[in-house]
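Given next are the chains, with one letter for each unit.
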Amino acid sequence: MPKKAIEWSKIGFGYMPTDYRYTRIWKDGKWGEGSLTDKAEVTISECAGVLQYAQTGFEGLKVYETKNGDIVAFRPDLNAERLQSTCRRLIMPEISTEDFLSALDELVKANLDWVPPFGSGATLYIRPFIYGCGPVIGVAPSPSYEFRMFCTPVGPYFKGGVRPIKIMLSDYDRAAPHGTGNIKAGLNYAMSLYPGEYAHKLGYSENMYLDAATRTYVEETGGANFIFVTKDGKRVVTPKSDSILPSITRRSLMVVAKDYLGLEVEERPVRFDEVSSFAEVGLCGTAAVISPVGLIHTPDGDISVPSGMDEMGPVLTKLRETITGIQMGQIEGPEGWVHKIC
Ligand code: PLP
Ligand code: COI
């Protein structure tokens, strides 16, 4: 089937309803049969658990067309596992990894003409989520749930593609998506909207959050983890913390840095006061891929990252080229990283 008539290289990170989405309902203590639907809207009780008590969690992953025309997803089993941990934390029923992967395959095969072509710079973003759709008025778990998975073609998350961005140190550390407790899941983002909009109004793309208890250590940004490169260009450092999202991209980059690029890797607490000693700063995530940071605004003055505002630094560039090469089938990835859909 021909691809949709979209100017793939011009799209940003937005929502475009595609032809089909996958849906599966849990009620009376069990999951029903999943199926595809062409309806992009959902109808739920006004008293649904998601509306009253925000009982919902989401994932995000990408599907790519490779050079030889295969359609693949990058480590979707890890998204399934993380969604299961979200569900346990929010008392929602879990979807098995096997069911998650077959829903993904079914969804993508039904929307093949929406998969951006190889080399276009765009990808198909997949958004799986589970929410309480049944009525609940006392504070309690919902009696029923919908697992839904839709897809939408996307371009770069930050305007300007992979050009360095400016971020700001936030005062709202307790509003960070994952900084409000040891929650390893995709939730609580509404609390980050206020600081997010504030940063945008001042001209910054993201907030840098510190640990909420002591404001000493670097956590993450509103939508991505941090990676840092030391001045000798030999070491990649990433914050260790129980209150940030365990990024699949970050976990993968640490393997790429060590096994493909021969760099040293360190996952450890990173003090904010050592950030100015790094040569390169990057944001990593499914949406962000690796986005270079050129400047960090703080109340005590701006920190200019040595790699600058003109281009991505050399180590982050190599990391980005290698991970996207694996994702798009140009470089052989470690066993099990690339899930072939068709
Ligand atoms: N941190 C936050 C707050 C995020 O929203 C995301 C994106 O999902 C990440 C980190 C990166 O995680 P991943 O690499 O699994 O997409
Ligand atoms: C992702 O990278 O998939 C995310 O969930 C980030 C989100 C802020 C768009």
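Because the structure is predicted, anything quoted here is derived from the model rather than measured. (Residues numbered from 1 in each chain as written. Chains lettered and ligands numbered in written order. Predicted model: local features only at pLDDT ≥ 70, side-chain atom pairs only at ≥ 80, totals over all residues. Heavy atoms only, no water.)

Asker: Hey, could you run me through empty space enclosed by the protein in this one?
Answerer: Empty space left among the atoms is revealed by rolling a probe the size of a water molecule over them. Evaluation of the coordinates by the stated rule reveals 2 cavities of 30 Å³ or more. In this model, the largest cavity occupies a volume close to 120 Å³. Those elements that place two or more of their residues in the lining of the largest cavity are β5 (61–65) and α5 (248–260). The dominant element in the lining of the largest cavity, judged by the number of residues it contributes, is β5, at 3 residues. Taken together, the residues of the lining of the largest cavity sort by class into 5 nonpolar, 6 polar and 1 charged. Three or more residues apiece are contributed to the lining of the largest cavity by two domains, here domain 1 (8–154) and domain 2 (165–326). Of the pockets and cavities examined, the second largest cavity occupies roughly 30 Å³. Lining the second largest cavity are Glu65, Pro116, Pro117, Phe118, Gly119, Ser120, Gly121, Ala122 and Met328. Among the residues forming the lining of the second largest cavity, the class breakdown is 5 nonpolar, 3 polar and 1 charged. (1 Å grid on protein atoms, 1.4 Å probe; cavity = no way out; pocket = protein on both sides within 12 Å on 5 of 7 lines; lining within 4 Å. Points joined across faces, edges and corners; volume = space filled by probe spheres on them. Helix = DSSP H or I, 4+ residues; strand = E, 2+ residues; numbered from the N terminus. Nonpolar A, V, L, I, M, F, W, Y, C, P; charged D, E, K, R; others polar. Domains from an automatic or database assignment.)

Asker: What am I meant to see in the site of ligand 1 here?
Answerer: Inspection of the region around ligand 1 gives 16 residues, with Tyr189, Glu220, Ser247, Thr249 and Thr286 positioned closest. Thr249 is positioned with one of its side-chain polar atoms (N or O) 2.5 Å from an oxygen atom of ligand 1. Elements represented by at least two residues in the shell around ligand 1 include exactly β11 (218–221), α5 and β15 (280–285). Per-class residue counts for the shell around ligand 1 are 5 nonpolar, 9 polar and 2 charged. (Near = heavy atom within 4 Å. Polar contact = N/O pair within 3.5 Å; in protein donor to acceptor, adjacent residues only side chain to side chain.)

Asker: Would you mind going over the pairing of β5 with me for this structure?
Answerer: Moving residue by residue along a regular strand, the side chains alternate between the two faces of the sheet. Counting buried residues in β5 gives 5 out of 5 residues, a clear majority hidden from the surface. Every second residue of β5 is oriented toward a common face, with Leu61, Val63 and Glu65 on one face and Lys62 and Tyr64 on the other, all of them buried. Across 3 bridges, the pairing between β5 and strand β6 (residues 71–74) is antiparallel. In the strand pairing of β6, Glu65 is matched with Ile71. Remark: 5 residues form the turn of the hairpin made by β5 and β6, two consecutive strands paired antiparallel; Gly69 in that turn has positive phi of roughly 90 degrees. (Buried < 20%, exposed > 50% of the residue type's maximum accessible area, 1.4 Å probe, protein only. Pairing = 2+ DSSP bridges.)

Asker: When you look at the side chain of Thr123 in this model, what are you seeing that I'm missing?
Answerer: Inspection of the secondary structure puts Thr123 in strand β7 (residues 123–132). The exposure class assigned to Thr123 is buried, which follows from its relative accessible area of 7%. With near-sequence residues (within four places) excluded, Thr123 lies in contact with Lys62, Val63, Tyr64, Pro116, Thr152, Pro153, Val154 and Met328. (Contact = heavy atoms within 4.5 Å.)

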